Amino acid sequence: MLAELTFSVSDLVEMRFARSPMWEVGPSNRLLRSGSAHPVHRTWAEQVRPRLAGAGLDRGWLAELIPPRGYVPDFLNPAPAGPAPTLADELARIQAAPTARVRQDLDRLKSERGRLGPRLTRLYADPPAHLPRVTEEIEAYWELALAPYWSRIRAVLDADVFHRARQVAEQGASRLLSDLHPSVSWTDDALRLARRQRPLSRSAAGQGLVLIPSVFTGPELFTLMSPPDPPQLAYPARGTGTLWRPRSVTGTAALAAVLGRSRTLLLAELETPASTTELSRRTGLSPAGVSQCLTALRDAGLVSAHRAGRSVLYARTAAAESLLAAPTDR
């Protein structure tokens, strides 16, 4: 099926990019629960799956809301209000979703799956009472699965948006829209999407278009039409294939002279997020010494901390990545 979304001059003027945490939550959760050894995200999935199982998040609200394939309720992906909403911003929008909107989406989910699970049956009966439970679980999932890696993910998303913005400036919007995905093309003031199961209608959508790069959508393109919001188009971000490659570490000697050997060693070890106990085992430093160094690094903005059940995972920030990758003058 070929679907078309027409554009006016006003729609083109309102077209914009946004980075959306929820557009990473849904696809990443689906990937984890598939159990597959994903060619790109395998390293990440092997680290995260045990954490989710330990926290019981592999069988909660998200497991019922996000099926292995097919439709995901639209209220989980409110149109980003700005270029880079936080997870808290999007969770507030989800909690405020109108009862009629939630029930309409769950009706569609039921029609595609045949039934609603016990949690979604309760959600359907009283959305305002149960949406806080949904957002609470999303926040817990975020802390375990995405927050420790967000600086890496965000860097890929930002690089994609920078590339696309430059493309618009140098070659125009038509080239941008035709280059987003193999199933997308732009002709005669209309955006054409091949293989879309449902029709597109400008009368059933808000003005403009929100373009959302994502590292977890895989090769697919996702569209969301939920008036009065503008239509959303989530596409695979450029550079996703490099997301989990080991980062080069060249500046440790110079850093050690400033930060000290132990703190620099810990930064180098945080190629993947780790707990205090794991870092102590890897480096030979005492748990107390590791904790003291991590506190100093966190205060300096070089590591971030994320609750994972009874432990805390530490991760390098973008600032730390830059310092470690900096060339050393000789």
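Scroll up to find the structure.
This one's a predicted model, so the numbers in the text were calculated from it and none came from an experiment.

Peer 1: How should I be thinking about the layout of surface pockets in this particular structure?
Peer 2: Empty pockets left among the atoms are what a rolling probe the size of a water molecule brings to light. What the second largest pocket holds in volume is close to 240 Å³. For the lining of the second largest pocket, the class distribution of residues is 10 nonpolar, 3 polar and 4 charged.

Peer 1: What is the right way to read the side chain of Thr-135 from this model?
Peer 2: With respect to the helices and strands, the residue Thr-135 is situated in helix H8 (residues 127-146). Judged by relative accessible area, Thr-135 falls into the buried class, the value being 3%. Polar contacts involving the side chain of Thr-135 include one to the main-chain carbonyl oxygen of Pro-132, which spans 3.0 Å. Contact partners of Thr-135, with chain neighbours within four places excluded, come to Leu-91, Ile-94 and Gln-95.

Peer 1: Explanation requested: the nonpolar core in the structure shown.
Peer 2: When a protein is soluble and globular, its nonpolar side chains tend to lie buried together. Trp-44, Leu-123, Ile-138, Tyr-141 and Ile-153 are the most contacted members of the largest nonpolar core, which has 47 residues in total. Taken together, the elements giving at least two residues each to this core come down to helix H2 (22-34), helix H3 (42-55), helix H4 (61-65), helix H5 (87-95), helix H6 (99-113), helix H7 (118-125), H8 and helix H9 (150-171). The element contributing the most residues to this core is H8, with 8 residues. Aside from chain neighbours lying at most four places away, what touches Trp-44 is Ser-28, Leu-31, Leu-32, Tyr-141, Ala-145, Leu-146, Tyr-149, Phe-216 and Trp-244. In this structure, Phe-7, Leu-191, Leu-211 and Leu-233 belong to the second largest nonpolar core, which totals 17 residues.

Peer 1: So what exactly am I meant to see when it comes to the packing of aromatic side chains here?
Peer 2: Evaluation of the coordinates by the stated rule reveals 5 aromatic pairs. Aromatic pair Trp-23 and Phe-222: ring centres 6.2 Å apart, planes at 45°, arrangement tilted. Of the two residues, Trp-23 is situated in helix H2 and Phe-222 in strand E6 (residues 222-224); the sequence distance between them amounts to 199 residues. Trp-23 sits in the buried class, given a relative accessible area of 6%. Arranged with centres 5.5 Å apart and planes meeting at 90°, the rings of Tyr-149 and Trp-244 form a pair that is edge-to-face. Taken together, the residues Tyr-149 in the loop between H8 and H9 and Trp-244 in the loop between strand E7 (232-236) and helix H11 (252-259) connect sequence positions 95 residues apart. Three or more aromatic residues link up through ring pairs in this structure, and these residues are Trp-44, Tyr-149, Phe-216 and Trp-244.

Peer 1: What should I look at first to understand the sheet that holds strand E2 (residues 16-17) in this one?
Peer 2: Pairing between sheet strands relies on hydrogen bonds along the backbone, with the strands arranged either parallel or antiparallel. A sheet is described by the order of its strands in space; here 4 strands give the open sequence E2-E5-E7-E6, paired in mixed fashion. The sheet terminates laterally at E2 and E6, the two strands that pair on one side only. Where E6 meets E7, 3 bridges bridge the pair, whose relative direction is antiparallel. Bridged to Phe-222 within E7 is Ala-234. Most of the contacts of H2 go to strand E5 (residues 210-214), to which it runs at about 40°, and overall it touches E5, E6 and E7.

Peer 1: How should I be thinking about the environment of Phe-75 in this particular structure?
Peer 2: Turning to its location among the elements, Phe-75 is positioned in the loop between H4 and H5. Along the backbone, Phe-75 and Gln-104 are 29 residues apart, and their C-alpha atoms lie at a distance of 9.7 Å. Beyond its immediate chain neighbours, meaning those up to four positions away, Phe-75 contacts Leu-65, Ile-94, Ala-97, Arg-101, Val-102, Asp-105, Leu-123 and Leu-131.

Peer 1: Looking at this structure, how should I read the packing of H2 against H3?
Peer 2: For any two helices packed against each other, one specifies the crossing angle of their axes together with the interaxial distance. Where H2 contacts H3, the two axes come as close as 10 Å, and the packing angle between them is 85°. Classified by the angle their axes make, H2 and H3 are roughly perpendicular. Here H2 contributes Ser-28, Leu-31, Leu-32 and Ser-34 to the contact with H3, which in turn contributes Trp-44, Ala-45, Val-48, Arg-49 and Leu-52. Here the residues of the contact of H2 with H3 are counted per class, giving 6 nonpolar, 2 polar and 1 charged.

Peer 1: I tried to follow the environment of Ile-138 on my own but got confused; where do I start?
Peer 2: Within the secondary structure, Ile-138 sits in helix H8. As a C-alpha pair, Ile-138 and Asn-29 span 109 residues in sequence and 10.0 Å in three-dimensional space. When neighbours within four sequence positions are excluded, Ile-138 is seen to be in contact with Met-22, Val-25, Leu-62, Leu-76, Leu-87, Leu-91 and Ile-94.

Here is what the cut-offs are and how they apply
Residues numbered from 1 in each chain as written. Predicted model: local features only at pLDDT ≥ 70, side-chain atom pairs only at ≥ 80, totals over all residues. Heavy atoms only, no water. 1 Å grid on protein atoms, 1.4 Å probe; cavity = no way out; pocket = protein on both sides within 12 Å on 5 of 7 lines; lining within 4 Å. Points joined across faces, edges and corners; volume = space filled by probe spheres on them. Nonpolar A, V, L, I, M, F, W, Y, C, P; charged D, E, K, R; others polar. Helix = DSSP H or I, 4+ residues; strand = E, 2+ residues; numbered from the N terminus. Buried < 20%, exposed > 50% of the residue type's maximum accessible area, 1.4 Å probe, protein only. Polar contact = N/O pair within 3.5 Å; in protein donor to acceptor, adjacent residues only side chain to side chain. Contact = heavy atoms within 4.5 Å. Core = buried A, V, L, I, M, F, W, Y, C linked by side-chain atoms within 4.5 Å. Phe/Tyr/Trp six-rings, centres within 6.5 Å; stacked < 30°, edge-to-face > 60°. Pairing = 2+ DSSP bridges. Axes fitted to C-alpha atoms, helices over the stretch in contact; angles between N-to-C directions. Parallel < 35°, antiparallel > 145°, perpendicular 65-115°, else oblique.

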